[in-house]
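Here's the letter readout for the chains.
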Amino acid sequence: MIPPPSPSALRQLTDVPALRAQVRAWRAAGEGVALVPTMGALHEGHLSLVRQAQAGSRRVVVSIFVNPTQFGPNEDFSRYPRVLEADLALLTEVGADAAFLPDVATMYPPGFATTVTVAGLTDVLCGPVRPGHFAGVATVVTKLLLQALPDRAIFGEKDFQQLQVIRRAVRDLDVPVAIEGAPTLRESDGLALSSRNRYLSAEERRTAPALYAVLQGVAEAVRGGADTAPALAEGRAALEAAGFAPVQYLSVNDAESLAPLERVAGPARVLAAACLGRTRLIDNVAV
Ligand code: PAF
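For every chain, the first residue of the written sequence is number 1, and numbering continues from 1 along that sequence. Residues qualify for local features only when their pLDDT is at least 70, as the model is predicted, and side-chain atom pairs are given and counted only at 80 or more; totals for whole chains, interfaces and linings, by contrast, use all residues. Note that the side-chain values use all heavy atoms of the structure and ignore hydrogens as well as water.

A. Focus on the nonpolar core. Side-chain atoms within 4.5 Å link the members of a nonpolar core, which is a set of buried Ala, Val, Leu, Ile, Met, Phe, Trp, Tyr and Cys residues. The classification of residues rests on relative accessible area computed with a 1.4 Å probe and restricted to protein chains. Under 20% of the type maximum is buried, over 50% is exposed, and intermediate values are partly exposed. Within the largest apolar cluster, 27 residues are counted, with the highest numbers of intra-cluster contacts made by Val 61, Leu 145 and Ile 179. For this core, the secondary structure elements donating two or more residues are α1 (16–28), β2 (33–38), β4 (98–100), α6 (133–148), β5 (152–156) and α7 (160–172). Note on contacts: a residue pair is in contact if any heavy atoms of the two residues lie within 4.5 Å. In this view, Leu 145 contacts Leu 35, Pro 150, Ala 153, Val 170, Val 175, Val 177 and Ile 179; residues no more than four positions away in its chain are not counted. By size, the runner-up hydrophobic cluster in this structure holds 26 residues, among which are Val 218, Ala 231, Val 270 and Leu 276. A run of H or I in DSSP becomes a helix once it reaches four residues, and a run of E becomes a strand once it reaches two; helices and strands are each numbered from the N terminus.

B. View of α6. The length a helix should cover is 1.5 Å for every residue beyond the first. Between the first and last C-alpha of α6 there are 23 Å, a value that for 16 residues agrees with the 22 Å anticipated at 1.5 Å per step. Looking one or two residues past α6, Leu 149 carries a phi angle of roughly 45°, positive in sign.

C. Representation of the packing of aromatic side chains within the structure. Here a pair means two rings of Phe, Tyr or Trp (six-membered ring of Trp) with centres within 6.5 Å. Their orientation is stacked below 30 degrees between planes, edge-to-face above 60, and tilted elsewhere. Evaluated as defined, the whole model comprises four aromatic pairs. For the pair Tyr 108 and Phe 112, a centre-to-centre distance of 5.0 Å together with 90° between the ring planes defines the contact as edge-to-face. A relative accessible area of 14% means that Tyr 108 is categorised as buried. Residue classification places Phe 112 among the partly exposed positions, given a relative accessible area of 33%. Over the face of the ring belonging to Phe 77 we find Arg 82, whose NZ or CZ atom lies 4.8 Å from the ring centre. Only when the NZ of Lys or the CZ of Arg is both within 6 Å of the ring centre and within 35 degrees of the ring normal is a charge said to sit over the ring. For the cation-ring pair, Arg 186 lies above Tyr 212, with the distance from its terminal atom to the ring centre recorded as 3.7 Å.

D. Highlighting the layout of surface pockets. One number sums up the size of the second largest pocket: a volume of about 220 Å³. As for the second largest pocket, its lining consists of 16 residues, of which Ile 64, Phe 65, Val 66, Arg 82 and Leu 84 are closest to the centre. In this count, Pro and Cys sit with the nonpolar residues alongside Ala, Val, Leu, Ile, Met, Phe, Trp and Tyr, while Asp, Glu, Lys and Arg are called charged and the others, Gly among them, polar. Partitioned by chemical class, the residues of the lining of the second largest pocket number twelve nonpolar, one polar and three charged. The definitions used throughout rest on a 1 Å grid laid over the protein atoms alone, on which a cavity is an enclosed set of points accommodating a 1.4 Å probe that cannot get out and a pocket is an open set flanked by protein within 12 Å on both sides along at least five of seven lines; lining residues are those having an atom within 4 Å of a point. Grid points are joined across faces, edges and corners, and a volume is the space filled by probe spheres set on the points.

E. Layout of the pairing of strand β6 (residues 178–182). Here, strands pair whenever DSSP counts at least two bridges between them. One ladder, built from five bridges, connects β5 with β6; its direction is parallel. Pairing of Phe 155 across the sheet is with Gly 181, part of β6. We call a crossover right-handed when, viewed with both strands directed away from the observer, the connection leading from the first strand over the helix to the second proceeds clockwise. The parallel pair β5 and β6, bridged by α7, forms a crossover whose chirality is right-handed.

F. Summary view of the pairing of β2. The buried count for β2 comes to six of six residues, which makes it a mostly enclosed element. Neither face of β2 is exposed, since Val 33, Leu 35 and Pro 37 on one face and Ala 34, Val 36 and Thr 38 on the opposite face are all buried. In the sheet, β2 pairs with strand β3 (residues 59–64) via six bridges, with the strands oriented parallel. In the sheet register, Pro 37 faces β3, and the bridge partner there is Ser 63. Each parallel crossover has a hand, and the one from β2 via helix α2 (residues 44–56) to β3 is right-handed. When β2 meets β5, the two strands line up parallel, connected through two bridges. Pairing of Leu 35 across the sheet is with Ala 153, part of β5.

G. Structural view of the sheet that holds β2. As summarised here, the arrangement of the six strands in space is β1-β4-β3-β2-β5-β6, forming an open sheet in which the pairing is parallel. Both outer strands of the open sheet, β1 (11–13) and β6, are each paired with one neighbouring strand and no more. Looking at each pair of strands side by side, their axes are set apart by 25° on average, direction ignored. Here α2 sits on the sheet and contacts β2, β3, β5 and β6; the angle it forms with β5, its principal contact strand, is near 150°. Orientation is described by lines fitted to C-alpha atoms, with helices fitted over the stretch in contact, and by angles between N-to-C directions that extend from 0 to 180 degrees.

H. Up close: the pattern of salt bridges. Throughout this description, the term salt bridge denotes a Lys or Arg side-chain nitrogen within 4 Å of a carboxyl oxygen of Asp or Glu. Summed over the entire model, instances satisfying the criterion amount to 14 salt bridges. Two residues, Glu 240 and Arg 236, come together in a salt bridge whose shortest N-O distance is 3.9 Å. Placement of both Glu 240 and Arg 236 in helix α10 (residues 228–242) is noted, with a separation of four residues, approximately one turn of the helix. With relative accessibility at 43%, the residue Glu 240 sits in the partly exposed group. One salt-bridge network, held together by shared partners, links Glu 31, Arg 59 and Asp 97.

As structure tokens, then:
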């Protein structure tokens, strides 16, 4: 007979009824629940999301699902790192309560025909470069939120556009979950933590921190309300000189609407996406 899990053990749940039964049991005991959606290949950045979740909720569920619908045909879906055993060990160590591990058939059963798209916010930045990406994200996150029905869900600010898209979808669809952003964690040289950093060669890894340095330089230059165009041109040239190719975008945008800005007059963000070899890096900073 399999012994029931001890209170601190990580429960592994693979289907929606089991997830819902667990969340219902916690709620019946008066315990709040937070969800941290991930695609696995967990690193310290994800663990910081779990810790933020734990700080406000008694129970934390971490979902791990490499979502096929958010990858384009020429993107890295098949080579995306899948390291479940290591992920589960990290979740046990950090004290998460449950890992939700659905398979593709659970998330997209035969005949699946519904997509969540968020207009406007997805017309800029990563939207045009990755057609269909945000529809894939918004659809899978909406499903995860409705499957788990947590009180809160935590997402990293490193994927700033994703965070804003999710906030908007949840608001528009009245999904009863509070969406929280969490600050980006960085290596000591400034490189934002990302599961994709493991693709970088040693030389690319040495170049990668230039992205953050350029973002900071642009933020500094436009903070007082100066035209954004010269700072952006200089920043793009610096990225290209460092070896990024292509620089897909480097842009100053309104933090709420994500509209590109010629001058900063309120909360704004500098955002970039650029490739080093086969690896696409994104990052952003507040102005
Ligand atoms: O940021 C991610 O890891 C993914 O886009 C998410 C939010 C888990 C949806 O698949």
